[in-house]
Amino acid sequence: MDIGVAIFPTHDAIGPAEVARLAEERGHESLFFPEHTHIPASRQSPYPGGGEMPRKYAHTFDLFVAVTTALTATSRLRVGSGICLVIERDPIITAKEVASVDYLSGGRFEFGVGAGWNREEMANHGTDPRRRMALLRERVEAMKAIWTSDEASYAGAYVAFERIWSWPKPAQRPHPPILVGGNGPGVLDRVLAFGDAWFPNHARGGILNRAAELRSRAERPIELMVMGVPADAKVLESYEAAGFRRAVHWLPSAPRGPVEHALDRYEAAVAELYGE
């Protein structure tokens, strides 16, 4: 099982380039950054983790700026979005950004996608929260058309364009892997419809049973990955035994010292898992 890390890349924490180099030097396979374009001050949508929302949510760098910085600073590390809020983005522009970072990095980008949880944030981008899942599917499908066709067209209820040219195409063919985030009741349907992998949040629970359901329903290869695993060898072992290909651990949005301490704890759990 591949071992990766994730971090909210804030302006007052270790920088994206430095944390990427640190992860690569210490043997991690991947690094993921989340996305929030902003956080509405109203705070009507409750924080899924309970209690007050951590300040890091409103202090992150732009996703693709952080990703590009991390990819430029490394040579082997896979860097991805965990997750990109596609429902808040123009699909033609986002397709260009994904293709550009994948091309320039030699095919090291992982495209985690999702709809998010903050309804006021969605609404500020003109997205009706009630239609966000249908919009997510259409935007992902439209981007796939752009990546895989010299002259792309797409006709949906929410996304439509005819005969467009857009280069570069991604280095990975047919496109970077689409990792579908989320733990909601309909997430497996979305994975089956347009995903290459399921990338749920460990904290939400029930993942192993649903992973078995996904595999029983899938008629093509779909990978299993998990975000937010603790530094616990037994938890890691349960995911490896279930056939998960990647486990990702959250690092604190903090200076280098606390980040290194968090890496030490996580790596100790990995070493225990493999009897090292």
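Quick note: structure is the one above.
No experiment lies behind these values; they were computed from the predicted model shown. Counting of residues starts from 1 at the beginning of each chain's written sequence and follows it residue by residue. Under the rules for a predicted model, residues below a pLDDT of 70 receive no local features and side-chain atom pairs below 80 are neither given nor counted, while totals for whole chains, interfaces and linings still include all residues. Think of the side-chain values as coming from all heavy atoms in the structure, minus any hydrogens and water.

1. Comments concerning the environment of Thr74
Point 1. Relative to the elements of secondary structure, Thr74 occurs in the loop between helix H2 (63–72) and strand S3 (78–85).
Point 2. Among the residues examined, Thr74 registers a relative accessible area of 8% and is labelled buried.
Point 3. Contacts are assigned to residue pairs that have any heavy atoms within 4.5 Å of one another. Not counting the four nearest positions on each side in its chain, Thr74 is found in contact with Ala20, Arg21, Glu24 and Arg108. Helix numbering and strand numbering both begin at the N terminus, where a helix is a DSSP run of H or I of at least 4 residues and a strand a DSSP run of E of at least 2. Burial classes: relative accessible area under 20% of the type maximum marks a residue as buried, over 50% as exposed, and values in between as partly exposed (1.4 Å probe, protein chains only).

2. Regarding the packing of aromatic side chains
Point 1. Stacked, tilted and edge-to-face are the three classes assigned to paired rings of Phe, Tyr and Trp, where Trp is represented by its six-membered ring and a pair needs centres within 6.5 Å; plane angles under 30 degrees give stacked, over 60 edge-to-face, the rest tilted. Taken as a whole and judged by the stated rule, the model has eleven aromatic pairs.
Point 2. Judged by centre distance (5.5 Å) and plane angle (80°), the rings of Tyr47 and Tyr57 are edge-to-face. Of the two residues, Tyr47 is situated in the loop between strand S2 (30–33) and H2 and Tyr57 in the loop between S2 and H2; the sequence distance between them amounts to ten residues. Both residues of the pair, Tyr47 and Tyr57, belong to the buried class.

3. Structural notes on helix H9 (residues 256–273)
Point 1. The span expected for a helix works out to 1.5 Å for each residue beyond the first. Between its first and last C-alpha, H9 extends 26 Å over 18 residues, near the 26 Å set by a 1.5 Å rise per residue.
Point 2. For H9, the set of buried residues is Val259, Ala262, Leu263, Tyr266, Ala269, Val270, Ala271 and Leu273.
Point 3. A positive backbone phi angle near 65° is found at Gly275, which sits one or two residues after H9.

4. Describing unusual backbone geometry
Point 1. Backbone torsion omega between Gly82 and Ile83 reads 5°, so that peptide bond is classified as cis.
Point 2. As for its position among the elements, Ile83 is in strand S3.
Point 3. Of the consecutive residues Trp167 and Pro168, the connecting peptide bond is found in the cis state with omega at 5°.
Point 4. Tracing the backbone shows Pro168 in the loop between strand S6 (160–164) and strand S7 (178–181).
Point 5. Here Arg163, not a glycine, exhibits a phi torsion of approximately 50°, which is positive.
Point 6. Looking at where Arg163 falls in the secondary structure, it is placed in strand S6.
Point 7. Residue Arg163 is classed as exposed on the basis of its relative accessible area, which comes to 61%.

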